[in-house]
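Notes for the structure review
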Amino acid sequence: MVTKLQSPDKSNIIYPDDNGEPMSDNTEQFRLIVWIKENLELLFANDANVFVAGNLLWYPVEGNNKIYQAPDAMVVFGRPKGYRGSYQQWLEDNIVPQVVFEIWSPGNRLTPMIQKFKFYERHGVEEYYLYDPQTLELTGWQRSDEELEAIAQMDGWTSPRLGVRFGLSESGLEMFGPSGESFVSFVELAQLRQQAETRAQQAESLLEQERSRSQALELRLREMGIDPNQL
């Protein structure tokens, strides 16, 4: 007698939204994750079919909730914006996140980081960027056929997918949008907005002063019996 083993029902498998690990180990890692993710959100704000996420669990294989990663930031072209508890690839037209970012922290160990690299390579990521804020080192890989190959020079490199240029300075990682605009923090963005509002208010005040002088001059000319429209 042959007993036929029953395959588990894929519809009953739970894909947790949380893997129990912290998003970051320190304030600098957190700052960089938010900085990259939010600036990428801003960069693609007007494209409804670019999904950007930070620290979101990505499950590439239906039926297996043991295979996953949670990139510090990831960008998926061809998928709509919106809420996800996790990125279950088979529910997303089987589209792989094309670009992923990781920020190295003191808590990272070499073996898990190699495993992450192998995961991204195996499951089709096109571009993978790893930044170490302690050493100020930026490493990047780009897909070539079935493998991720190291990018020789990251300082000045422009991402083919994102159109973002990377730079390295004494203060650390720099990133620039396709038009050359620098990635900024939320605080810096608020300060720039405030400066723009202040300049606009100053310009309006100067314009109002000019209107007042013009009206005063027109009144004076009329008192002198001169029609300003005839001048």
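Everything discussed here concerns the structure shown above.
Because the structure is a prediction, the values reported are computed rather than measured.

**Focus: unusual backbone geometry**
Located in the positive-phi region is L136, a residue other than glycine, with phi close to 60°. Tracing the sequence through the fold places L136 in the loop between β6 (127-132) and β7 (137-144). Classification of L136 by relative accessible area gives partly exposed; the value is 30%. One non-glycine residue, D145, lies in the positive phi region at around 60°. Secondary-structure assignment places D145 in the loop between β7 and β8 (147-150). A relative accessible area of 70% means that D145 is categorised as exposed.

**Some thoughts on the layout of surface pockets**
Taken as a whole, the largest pocket encloses approximately 470 Å³ of empty space. Those elements giving two or more residues to the lining of the largest pocket turn out to be β5 (99-103) and α2 (110-122). Tallied by class, the residues present in the lining of the largest pocket amount to 7 nonpolar, 9 polar and 6 charged.

**Things to note about the sheet that holds β7**
Ordered in space as β1-β3-β5-β6-β7-β8, the 6 strands form an open sheet in which the pairing is mixed. Of all the strands in the sheet, just β1 (50-53) and β8 have a single pairing partner and so form its edges. Neighbour-to-neighbour, the strand axes of this sheet turn through a mean angle of 15°, independent of strand direction. Here β1 pairs with strand β3 (residues 73-77) via 4 bridges, running antiparallel. Residue pairing in the sheet places V52 in a bridge with V75 of β3. Set on the sheet, helix α1 (residues 27-43) makes contact with β1, β3, β5 and β6; between it and β5 the angle comes to about 160°.

**Focus on a negative patch on the surface**
A grouping of D145, E146, E147 and E149 is seen on the molecular surface, where their side chains present a negatively charged patch. Secondary-structure assignment places E146 in the loop between β7 and β8. By relative accessible area, E146 is classed as exposed at 67%.

**Here's the deal with the environment of V75**
Secondary-structure assignment places V75 in strand β3. For the pair formed by V75 and F44, sequence separation is 31 residues and the distance between their alpha carbons is 9.8 Å. Those residues in contact with V75 that sit more than four places away from it in its chain are L40, V50, F51, V52, P97, Q98, V99 and L162.

**Topic: empty space enclosed by the protein**
To find leftover empty space, a probe the size of one water molecule is rolled over the atoms. Here the structure, examined in full by the defined rule, presents 1 cavity of 30 Å³ or more. Computed from the structure, the largest cavity encloses a volume of approximately 30 Å³. What lines the largest cavity is simply F101, E102, I103, Y129, L130, Y131, L138, F166 and L173.

**Quick notes on the packing of aromatic side chains**
Per the counting criterion, the structure on display carries 16 aromatic pairs. Between F44 and F77, the aromatic rings sit 5.4 Å apart at their centres with planes inclined by 85°, giving edge-to-face as the arrangement. With F44 in the loop between α1 and β1 and F77 in strand β3, the pair connects residues that are 33 residues apart, well separated along the chain. The same class applies to F44 and to F77, which are both buried. Joined through ring pairs, the aromatic side chains of W58, F117, F119, Y120, Y128 and W141 make up one cluster. Between R84 and the ring centre of F51, over which it is positioned, the NZ or CZ distance is 4.0 Å.

**Considerations on the side chain of H123**
You can see H123 is positioned in the loop between α2 and β6. Each residue touching H123, except ones within four places of it in the same chain, is listed here: W58, P60, V61, I67 and V96.

**Quick look at the pattern of salt bridges**
Taken as a whole and assessed by the stated rule, the structure comprises 9 salt bridges. With a shortest N-O distance of 2.8 Å, R31 and E28 are connected by a salt bridge. Of the two residues, R31 and E28 both sit in helix α1, 3 residues apart, roughly one turn of that helix. For E28, a relative accessible area of 32% puts it in the partly exposed group. Each of R79, R84, E92 and D93 takes part in salt bridges that share partners, so that together they form one network.

Reading guide: rules and limits
Residues numbered from 1 in each chain as written. Predicted model: local features only at pLDDT ≥ 70, side-chain atom pairs only at ≥ 80, totals over all residues. Heavy atoms only, no water. Helix = DSSP H or I, 4+ residues; strand = E, 2+ residues; numbered from the N terminus. Buried < 20%, exposed > 50% of the residue type's maximum accessible area, 1.4 Å probe, protein only. 1 Å grid on protein atoms, 1.4 Å probe; cavity = no way out; pocket = protein on both sides within 12 Å on 5 of 7 lines; lining within 4 Å. Points joined across faces, edges and corners; volume = space filled by probe spheres on them. Nonpolar A, V, L, I, M, F, W, Y, C, P; charged D, E, K, R; others polar. Pairing = 2+ DSSP bridges. Axes fitted to C-alpha atoms, helices over the stretch in contact; angles between N-to-C directions. Contact = heavy atoms within 4.5 Å. Patch = residues over 30% accessible without salt bridge, like charges linked within 9 Å, V, L, I, M, F, W, Y side chains within 5 Å. Areas by Shrake-Rupley, 256 points an atom, 1.4 Å probe, with all protein chains shown as cover. Salt bridge = Lys/Arg side-chain N within 4 Å of Asp/Glu carboxyl O. Lys, Arg positive; Asp, Glu negative; His and termini not counted. Charge placed at Lys NZ, Arg CZ, Asp CG, Glu CD. Phe/Tyr/Trp six-rings, centres within 6.5 Å; stacked < 30°, edge-to-face > 60°. Lys NZ or Arg CZ within 6 Å of the ring centre and 35° of its normal.

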